[in-house]
Amino acid sequence: MTQQATKLVIITEKLLLNKVAKIIDEVGAPGYTVIETGGKGSRNVRSAGKPTVGDSFSNIKFEVLTPTREMAVKISDEVAARFFDDYSGISYLCDVMEVLHAHKF
Amino acid sequence: MTQQATKLVIITEKLLLNKVAKIIDEVGAPGYTVIETGGKGSRNVRSAGKPTVGDSFSNIKFEVLTPTREMAVKISDEVAARFFDDYSGISYLCDVMEVLHAHKF
Amino acid sequence: MTQQATKLVIITEKLLLNKVAKIIDEVGAPGYTVIETGGKGSRNVRSAGKPTVGDSFSNIKFEVLTPTREMAVKISDEVAARFFDDYSGISYLCDVMEVLHAHKF
Amino acid sequence: MDFLSDFLTLFLSKLQSPTLGFLVGGMVVAAVNSRLQIPDSIYKFVVFMLLIKVGLSGGIAIRNANLAEMLLPAVFAVATGILIVFIGRYTLGLMPKVKTVDAIATAGLFGAVSGSTLAAGLTLIESEGLEYEAWAAALYPFMDIPALVTAIVLASLYINKQKQRIAAGEQLNIQEYASKQPVAAGGYPSEQRGNSGGYSITASGYPQRDTAGERVKIWPIIKESLQGSALSALLLGLALGLLTRPESVYESFFNPLFRGLLSILMLVMGMEATARLGELRKVGQWYALYAFAAPLLHGFIAFGLGMIAHYTTGFSLGGVVILAVIACSSSDISGPPTLRGGIPSANPSAYIGASTAVGTPVALALGIPLFIGLAQALGG
Amino acid sequence: MDFLSDFLTLFLSKLQSPTLGFLVGGMVVAAVNSRLQIPDSIYKFVVFMLLIKVGLSGGIAIRNANLAEMLLPAVFAVATGILIVFIGRYTLGLMPKVKTVDAIATAGLFGAVSGSTLAAGLTLIESEGLEYEAWAAALYPFMDIPALVTAIVLASLYINKQKQRIAAGEQLNIQEYASKQPVAAGGYPSEQRGNSGGYSITASGYPQRDTAGERVKIWPIIKESLQGSALSALLLGLALGLLTRPESVYESFFNPLFRGLLSILMLVMGMEATARLGELRKVGQWYALYAFAAPLLHGFIAFGLGMIAHYTTGFSLGGVVILAVIACSSSDISGPPTLRGGIPSANPSAYIGASTAVGTPVALALGIPLFIGLAQALGG
Amino acid sequence: MDFLSDFLTLFLSKLQSPTLGFLVGGMVVAAVNSRLQIPDSIYKFVVFMLLIKVGLSGGIAIRNANLAEMLLPAVFAVATGILIVFIGRYTLGLMPKVKTVDAIATAGLFGAVSGSTLAAGLTLIESEGLEYEAWAAALYPFMDIPALVTAIVLASLYINKQKQRIAAGEQLNIQEYASKQPVAAGGYPSEQRGNSGGYSITASGYPQRDTAGERVKIWPIIKESLQGSALSALLLGLALGLLTRPESVYESFFNPLFRGLLSILMLVMGMEATARLGELRKVGQWYALYAFAAPLLHGFIAFGLGMIAHYTTGFSLGGVVILAVIACSSSDISGPPTLRGGIPSANPSAYIGASTAVGTPVALALGIPLFIGLAQALGG
Ligand SMILES: Nc1ncnc2c1ncn2[C@@H]1O[C@H](COP(=O)(O)O)[C@@H](O)[C@H]1O
Ligand SMILES: Nc1ncnc2c1ncn2[C@@H]1O[C@H](COP(=O)(O)O)[C@@H](O)[C@H]1O
Ligand SMILES: Nc1ncnc2c1ncn2[C@@H]1O[C@H](COP(=O)(O)O)[C@@H](O)[C@H]1O
Ligand code: NA
Ligand code: NA
Ligand code: NA
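Residues numbered from 1 in each chain as written. Chains lettered and ligands numbered in written order. Predicted model: local features only at pLDDT ≥ 70, side-chain atom pairs only at ≥ 80, totals over all residues. Heavy atoms only, no water.

Peer 1: Just give me the short version of the overall build of chain D, but keep the residues and values in it.
Peer 2: For chain D, the count of helices and strands is 16 helices and zero strands. Split into buried and exposed, the 380 residues of chain D put 62% on the buried side. Sequence separation of at least 24 residues holds for 89% of the intrachain contacts in chain D that already meet a minimum separation of 6. Working note: accessible area of chain D is about 13,700 Å², and carbon and sulfur atoms make up 66% of it. (Helix = DSSP H or I, 4+ residues; strand = E, 2+ residues; numbered from the N terminus. Buried < 20%, exposed > 50% of the residue type's maximum accessible area, 1.4 Å probe, protein only. Contact = heavy atoms within 4.5 Å. Areas by Shrake-Rupley, 256 points an atom, 1.4 Å probe, with all protein chains shown as cover.)

Peer 1: Quick one: what's the story with the coordination of the sodium ion (ligand 5), residue by residue and with numbers?
Peer 2: Looking at the sodium ion (ligand 5), the protein donor atoms are Phe110(E) (O), Gly111(E) (O), Ala112(E) (O), Ile326(E) (O), Ala327(E) (O) and Ser329(E) (O), and they sit 2.4 to 2.9 Å from it. Given six donor atoms and angles of 64 to 160 degrees at the metal, the environment of the sodium ion (ligand 5) is assigned as irregular. (Donors = N, O, S within 2.8 Å, 3.2 Å for Na, K, Ca; no water. Tetrahedral: all angles 85-135°; square planar, octahedral: opposite > 155°, others 65-115°.)

Peer 1: So what about the site of ligand 1? Which residues, and what values?
Peer 2: In the vicinity of ligand 1 lie 21 residues, with Ser42(A), Asn59(A), Gly89(A), Thr33(C) and His103(C) positioned nearest. Residue neighbours of ligand 1 fall on chains A and C, so the site bridges chains. At 2.8 Å from an oxygen atom of ligand 1 is found a main-chain nitrogen or oxygen belonging to Gly89(A). For ligand 1, a nitrogen atom lies 2.9 Å from a polar atom in the backbone of Leu65(C). Isolated, ligand 1 exposes 480 Å² of accessible area, and the fraction of that covered by the protein chains is 98%. When residues of the shell around ligand 1 are traced back to their parent elements, those giving at least two are strand E2 (32–40) and strand E4 (89–102) of chain A together with strand E2 (32–40) and strand E3 (59–66) of chain C. (Near = heavy atom within 4 Å. Polar contact = N/O pair within 3.5 Å; in protein donor to acceptor, adjacent residues only side chain to side chain.)

Peer 1: Could you give an account of the packing of aromatic side chains, naming the residues involved and the relevant values?
Peer 2: Residues and elements named next belong to chain E. In total, this model carries 27 aromatic pairs over all chains according to the counting rule given. Measuring from ring centre to ring centre gives 5.2 Å for Phe-110 and Tyr-290, while their planes differ by 70 degrees; the resulting arrangement is edge-to-face. In this pair, Phe-110 is assigned in helix H5 (residues 100–111) and Tyr-290 in helix H13 (residues 285–313), connecting sequence segments 180 residues apart. The residues Phe-110 and Tyr-290 share a single accessibility class, namely buried. When the centroid spacing of 5.3 Å and the interplanar angle of 75 degrees are considered together, the rings of Phe-300 and Phe-371 count as edge-to-face. Here Phe-371 lies in helix H16 (residues 348–379) and Phe-300 lies in helix H13, a separation of 71 residues in the sequence. Among the residues examined, Phe-300 registers a relative accessible area of 41% and is labelled partly exposed. Residue Phe-371 is classed as buried on the basis of its relative accessible area, which comes to 0%. (Phe/Tyr/Trp six-rings, centres within 6.5 Å; stacked < 30°, edge-to-face > 60°.)

Peer 1: Mind laying out helix H12 (residues 247–282) of chain D, listing which residues take part and the relevant values?
Peer 2: Residues and elements named next belong to chain D. Its 36 residues give H12 an end-to-end C-alpha distance of 48 Å, which sits within 8% of 52 Å, the value for a rise of 1.5 Å per residue. The sharpest bend along H12 comes to roughly 50 degrees, located at Phe-258. Among the residues trailing H12, Gly-284 stands out with phi positive, at a value near 95 degrees. (Expected span 1.5 Å × (residues − 1). Bend = angle between axes of the 7 residues up to and from the residue.)

Peer 1: Requested: an account of the relation of the copies chain A and chain C, with residues and values cited.
Peer 2: Expressed as a screw transformation, the operator carrying chain A onto chain C has a rotation angle of 120 degrees and an axial translation of 0.0 Å, and the superposed copies differ by an RMSD of 0.0 Å. The superposition operator between the copies reduces to a three-fold rotation axis. Comparing interface residues between copies, only 11% of those in chain A also lie at the interface in chain C; the contact surfaces differ. (Least-squares fit on C-alpha atoms with pLDDT ≥ 70 in both.)

So, in structure tokens, the structure goes:
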């Protein structure tokens, strides 16, 4: 049996790693995946790879599979409300995912 | 001309890199992409970045574009059957992808 | 208010990082995210992680959220036309994404 | 007159040190878009090696030092750190098109200390044979932390005042406030208000949290600073030097590698300086001006205070130079993340650009030789 | 009585070595959540440098050594490695709430050898001027591999037996088996059965492969161990020392850097120990107890066997200590992945937590000084 | 006869150097699938350390050298670099199943210079006590850049000619051209035409840009080469050696670490060689043959030209060997990306495989000892 799911993606500054992870946990998502990324947005280009003094300003990407669209939006709103005024970031979702196998979902 | 495709995502322990890749090849997918990830699931938090004694327990994420949904499910089932009892991992798919350009698909 | 968006993914050789980024900017996408990847395709296996003489041949993955499907296809065509004869690469899209929060979209 | 000529010759003779060569070399390498890179992990490790060595030598020597002597210089260090922030807020902060919070954050970063600059200073001081107290390098945190704390507190007070005024509907003030925003400071606050091309979107018009009147906590900031990688390495070295017997490994490993690793670090600093120049340009010439003048001014202030300690409590001239170098330096490793977290609304391009692209090179190329030359001229 | 006082003074004098200082320093640094980090690539390289140096010095010296002497100690090493696993299985493995496979895996890891601990031991032994055979370090694989092989074989035999019983429908046994599962061992086996909050899902109820009766192959395990980065570096060094003339580069590079790099590694080990403490807590106090007592017990066993070789074949006292240290150490680099692959159903949090958080620190801080002191007291 | 025996004994005596030991060690380690790895960042840093050291020593010595002497050897270096490309294009390039552009690219890589091989050569030359001019290492770019430029120009001329012919509809020629494509050169050009299993798809049948008649620009290629990490490090070292006074840090850091870091690099080179063997196999035996013979041939050519300079302008024998080693070496760091960008249609598996898997080992294991032995035998 498979299960419909929504995939929420949040890309923001590495500095916020733990804070965003905490929010995801609190809202009750079954888990998340984090990936280091570089990129460019409306603000300034993030340093990808090359040694810059302290890499605390490069980006991270969270991917969170949630059972409901609501949960995804809830996480996204919370993160945006707390951080997106001051930190760069973007969040988007895709709600036609299907989870095939998971230890807990 | 574009072509409909299914995107299968498998996130599991780095240790299984070669074994999972082998399965994907055997089932006959035209290719795959691997990304190093950290994350949190129902088991324990994977070490992302910071030096831990041997990084063999951090995660990898496979993204496989398959021409048919069946092929994706076949890969996922095979991987889950062989590894997900003992190793942490999750697999999900999205079957509304369109391949625009590929050398072989 | 959320906004429909198309997500274009381009996976190609690291060597092309700046050239592809330039194309994405020129076509006018609001931004992009870059991730280092390894993988296997119709050509040869890319070196993932392990030190190989000069890592210029490993892969990068671009993820670009565009407001319209046309913009995504335009970027993809331009990249393919300029590089996919000689360099390995694949591009695909998913046009059922929704942007929840962004500084500029 | 005689003094001046003495000083000038001494000053110029300093400018040929290899350390500076590597710094300039790094600037050039980056300027010509070379693909030469020092991997990030190497850079991090080099910084660790330099600071733990500084700590170790300090710790070993402190064992039989009279720490009471440290009191006055430490007080002066704290005072300088705090003073620097206020100077920045009321000079840079009042310039047109300079956002007040950005100015405060920048001043905080210039008040904070650069481990690399300190390491470079110690090398030159030693090769010049200037005597200094074993604990002098331990003055680092006494200036670093107060500066960062002051900046973060000052900024949050300012922001809360703004919020209240706005709440009180002083439209004028808002315009003034808005008008003070740089047009393209890394496209920062402008984009925030979505007024450049695309528009910003939100899923469900999320509520502005009302942070007005929030009191800023000081202890977390101090902890955050102490947990920084640079300061941690220095303190770890101090502790190990004091409590264990690391002489053997110090002599066989940390000490001999010091100068070489320092030259590598200087190379990276140079590359960084060029890389950040673009960001600095974005935020306008006032930052460049401040970044050039401030380090020397700060150094002179600390040098002056140091001399007071020299005459009253016999603080060594070498120690005076170290105090001046600490003041002259601007943080490049631990400071930025602390400020990013502590003053989120400040534009990182502004303070990092100013510190890395101009502040640090000035401190290294002018500050260090300047204050050493000064001490030597005074020392006779 | 006299002997005991001798021993105690000798033992205590060892506790101030800088090596230990860095270990403890690392623990503290991590405990206070410092952002100080030694990059992973540096860590990997340091381990390589240490083990290839150990190998090189061994290889160079072995050239004109009588390897026949090595026979008995090697046999004892193998015996100890195997014995350790059985001890663990029938002590730790019988404790309540301890899963048998977890216990076997843990014992396997404690039977296996830590290159870092070995390196630390050699440093101290040399600085104490204890004589030892050039080939002593080469005893590493003779204990490491048999321990891992034994553990993996034992575990798979046990699992197959379980499967057959279950097939035979011994419900009792299942309950007993299930009841022995830790409640929250990294949320491990429990989640596996989806009995904690969410439920686990599968696309097409995939078939349980029936592995009962599968015979475990031994050669792949040996190969896997030999291919491990640590052992490979050691063997590479041995080969190069034996077959080429690396004296120049050994004297100018690998040897002088050894002590310094070791101190860096100790720092990482300390940070690791703290980082893993949490995982150890999850799996309960029995693991902590085992991880504290086992290394010393294993060391004494090996020390005893070593003394037999000392009296019969004249195995040096330094060699005896090395044998004891090898037994006392628990693998932290190559062992875990091998076990993860060989005993997939065992919970990595259990064995890694036990080894890294307690086992290694105990071996370094107590084991090494203990056995050196013992040898010196016996040596007269 | 007497000369020959002299030479042979000298040659054989070179084969036991530890440098070679590490190279072979690396090959074996990779061949047995060991998990031992030298992290990429370490590798990059080691290369930097070696080349900046070579540059520094050169720069320091050049200060009071007569650079006029450099003219003739430099001219010979340029000539050799260009010649090598033409040789490759008209030997390897004419073999059956070898794509012409692949051959040109391969020849370009063999004409280009390997910093690692140069470093290894210098070490052996010094330990053999051969005298050489301080600026000899600075011949590197004089051969490296012309070779790459020639290859890229030659290739684009060839491709344009092909395009025009095809446009002119010479079907024959196309078949011939197609038939010359390797069947599975990394599955390269074949897939490009989608004739193996799956088919290639495109969103909107994108238009082939008509690049026929495009003129290739030379300056960008030169800039690209100079910006390469290896050459940048060398030139940076030269500049610092010339303009600053880096003696202290050179003596205390860069020089002592040189031999050790070189051995690490040799290890990586060996591992690389094995790793690339597979790719080389894919592209067929002609590449293997070329990769084995060409380095020695190139070395002899340069050695010959060097001897001319030796007799005419008194170019030292050590310098002659360095010139030969530079010619003998094939680029492994900066060359490949430059060629990948400059000749995109060439198959990287072909030239990287040939250079890394066979060319470099041959240059290190045979070339260097060969030319040193030769010089010594000639030197008397
Ligand atoms: N249109 C986009 N497509 C993909 N990634 C984006 C896009 N816009 C922004 N990002 C990512 O989000 C990060 C922050 O964006 P911003 O807040 O606009 O600076 C950027 O660094 C990118 O990694
Ligand atoms: N709901 C989720 N969303 C995204 N990634 C997940 C989710 N659950 C698990 N993962 C990823 O899958 C890995 C293994 O999950 P688990 O087997 O539950 O420990 C985790 O480390 C995460 O990287
Ligand atoms: N079917 C696929 N699924 C996922 N990634 C792919 C697929 N095919 C190719 N790729 C990625 O695209 C890169 C280039 O593919 P290719 O041009 O076919 O060598 C590969 O290295 C993979 O990372
Ligand atoms: Na300062
Ligand atoms: Na052991
Ligand atoms: Na060459």
